Amino acid sequence: MSSATTSLTPVERLEVLFGEMEELAGQRNAIDSRLVEIVAEFDRDGIWGATGARSVPALVAWKLGTAPRTAETIVAVA
């Protein structure tokens, strides 16, 4: 915990921490959105085949280090 938040009341600390959570969630959403756009481009243009991967979900799981199910979800959204 930073020294800036140690002098705050518990309610104030919660507000600060909730604000940080909201900011991080927004960044995560932006990152996820861009990943989906990139995967859509791989799939649409067929350039994923040059990687040697068996499928787009396999490529996504490999390059992102995600579980196969997570990769399938990203591809489905893309």
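All chains use their own residue numbering, which begins from 1 and follows the written sequence. The predicted origin of the model limits local features to residues at a pLDDT of at least 70 and limits the giving and counting of side-chain atom pairs to 80 or more, whereas totals for whole chains, interfaces and linings rest on all residues. The side-chain numbers reported here are obtained from all heavy atoms of the structure, hydrogens and water having been left aside.

Quick notes on the overall build of the protein chain
Every helix listed is a DSSP run of H or I at least four residues long, and every strand listed is a run of E at least two residues long, numbered separately from the N terminus. The helix and strand inventory of the protein chain stands at four helices and zero strands. Element order for the protein chain, N to C, with α for helix and β for strand: α-α-α-α. Computation of the radius of gyration draws on C-alpha atoms alone. For the globule rule, the value is 2.2 Å times the number of residues to the power 0.38. For 78 residues, the compact-globule formula gives about 12 Å, and the C-alpha radius of gyration of the protein chain, at 19 Å, lies well above that figure. If you line up the protein chain on its principal axes, its C-alpha atoms span 55 × 20 × 20 Å.

What about the pattern of salt bridges?
By convention in these notes, a salt bridge is any Lys or Arg side-chain nitrogen within 4 Å of a carboxyl oxygen on Asp or Glu. All told, the structure shown has three salt bridges when counted by the stated rule. Across the pair Asp45 and Arg44 runs a salt bridge whose closest N-O atoms are separated by 3.3 Å. Classification of Asp45 as partly exposed rests on a relative accessible area of 45%. With a 1.4 Å probe rolled over the protein chains alone, any residue whose accessible area is under 20% of its type maximum counts as buried; one over 50% counts as exposed, and the rest are partly exposed. On the basis of relative accessibility, which here comes to 60%, the residue Arg44 falls in the exposed class.

Focus on the packing of aromatic side chains
In this analysis, rings of Phe, Tyr and Trp, with Trp reduced to its six-membered ring, are considered paired at centre separations within 6.5 Å, and the interplanar angle assigns stacked below 30 degrees, edge-to-face beyond 60, and tilted for intermediate values. A complete count under the given rule lists zero aromatic pairs for this structure. Only when the NZ atom of a Lys or the CZ atom of an Arg is both within 6 Å of the ring centre and within 35 degrees of the ring normal do we say a charge sits over the ring. The cationic tip of Lys63 hangs over the ring face of Trp62; the distance from NZ or CZ to the ring centre is 4.7 Å.

Observations regarding the packing of helix 2 (residues 10-45) against helix 3 (residues 56-64)
Each axis is a line fitted through C-alpha atoms, taken for helices only over the stretch in contact, and angles between the N-to-C directions span 0 to 180 degrees. Following both chains from N to C, one finds helix 2 and helix 3 inclined at 135°, their axes separated by 11 Å at the closest point. Classified by the interaxial angle, the pair formed by helix 2 and helix 3 is oblique. Here helix 2 and helix 3 pass one another in a crossing that is right-handed. Along the contact surface, helix 2 presents Leu35, Val39, Phe42 and Asp43, while helix 3 presents Val56, Leu59, Val60 and Leu64. Any residue outside Ala, Val, Leu, Ile, Met, Phe, Trp, Tyr, Cys, Pro, Asp, Glu, Lys and Arg is labelled polar, Gly included; the first ten of those are nonpolar and the last four are charged. For the contact of helix 2 with helix 3, a count of residues per class yields seven nonpolar, no polar and one charged. An angle counts as roughly parallel when it lies under 35 degrees, as roughly antiparallel when it exceeds 145, as roughly perpendicular when it falls between 65 and 115, and as oblique in every other case. Here is the rule for handedness: rotate from the far helix to the near one, and if that takes an anticlockwise turn smaller than a right angle the crossing is left-handed, while a clockwise turn gives right-handed. Residues are treated as being in contact if the distance between any of their heavy atoms lies within 4.5 Å.

Focus: a nonpolar patch on the surface
Only residues whose relative accessible area exceeds 30% and that form no salt bridge enter a patch; like-charged residues are grouped when within 9 Å of one another, and nonpolar side chains (Val, Leu, Ile, Met, Phe, Trp, Tyr) when within 5 Å. In this description, accessible areas are obtained by the Shrake-Rupley approach with a 1.4 Å probe, and a residue is regarded as covered only by the protein chains that are shown. Together, Leu14, Phe18 and Met21 line one region of the surface with nonpolar side chains, adding up to about 310 Å² of accessible area. Within the fold, Leu14 resides in helix 2.

What about the packing of helix 3 against helix 4 (residues 68-77)?
Between helix 3 and helix 4, the shortest axis-to-axis distance is 8 Å and the interhelical angle comes to 120°. Classified by the interaxial angle, the pair formed by helix 3 and helix 4 is oblique. The chirality of how helix 3 crosses helix 4 is right-handed. Across the interface between the two elements, Val56, Pro57, Val60, Ala61 and Leu64 from helix 3 touch Pro68, Ala71, Glu72, Ile74 and Val75 from helix 4.

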